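Working through the structure, step by step
Below, each chain spelled out in residue letters.
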Amino acid sequence: MRDTDRALVQAASAVAKLRCRSASHTLAAAARTAEGRVLTGVNVVHRAGDTCAEVVALGAAVTQGVGALETIVTVGDRGRTVISPCERCQRLLADHSPSLRVIVGPVEDPRVVPVTELLLTPDAAD
């Protein structure tokens, strides 16, 4: 892992510690562009349906005119664990940023994998 990857984990952990203090917000994501810009987001848990932290971070990137993301990481509340994106987010991230790097694994020893390696099932439309 690069130093910038470790810094991204720290950024997501800081957001989680600051903003994930209720059952409505339990995960934080931090994404970095190739230029080094970092965008963050937290999940929104609601009875009408949940929105993942990765989707919120991607939405922030699109809103701010950022193109493809380079690396993303999601951590649990208070930065306790690194969380792998759900299957829906894996597909969304791969479609939006096919060369995206995703930080996964234990927070003490995370690793980086291409988003395409995380995809669990092939797309039926392919």
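Coordinates for the structure precede this section.
Residues numbered from 1 in each chain as written. Predicted model: local features only at pLDDT ≥ 70, side-chain atom pairs only at ≥ 80, totals over all residues. Heavy atoms only, no water.

Moving on, we get to the state of the cysteines. Per the stated rule, a full pass over the model turns up zero disulfides. No disulfide involves Cys52; its sulfur sits 3.6 Å from that of Cys89, the nearest cysteine. For Cys52, a relative accessible area of 19% translates into the label buried. Cysteine Cys86 remains unbridged, with the sulfur of Cys89 as its closest cysteine sulfur at 3.7 Å. A relative accessible area of 31% means that Cys86 is categorised as partly exposed. (Disulfide = S-S within 2.5 Å. Buried < 20%, exposed > 50% of the residue type's maximum accessible area, 1.4 Å probe, protein only.)

Attention now goes to the pattern of salt bridges. One pass over the full model with this rule turns up five salt bridges. Residues Arg101 and Asp5 are paired through a salt bridge, measuring 2.8 Å at the closest nitrogen-oxygen approach. Of this pair, Arg101 sits in strand 5 (residues 101-104) while Asp5 sits in helix 1 (residues 3-19); the two residues are 96 residues apart in sequence, bridging distant segments of the chain. One exposure class covers both Arg101 and Asp5, and it is buried. (Salt bridge = Lys/Arg side-chain N within 4 Å of Asp/Glu carboxyl O. Helix = DSSP H or I, 4+ residues; strand = E, 2+ residues; numbered from the N terminus.)

Among all positions of helix 2 (residues 53-63), only Ala53, Glu54, Ala57, Leu58, Ala60 and Ala61 are buried. Taken end-on, helix 2 shows its buried residues confined to a sector of 155°, consistent with a single buried face. Of the surrounding secondary structure, the elements contacted by the buried residues of helix 2 are strand 1 (27-33), strand 2 (38-42), strand 3 (69-76) and helix 3 (87-96). Gly65 occupies a position one or two residues after helix 2 and carries a positive phi of about 75°. (Arc of directions from axis to C-beta. Contact = heavy atoms within 4.5 Å.)

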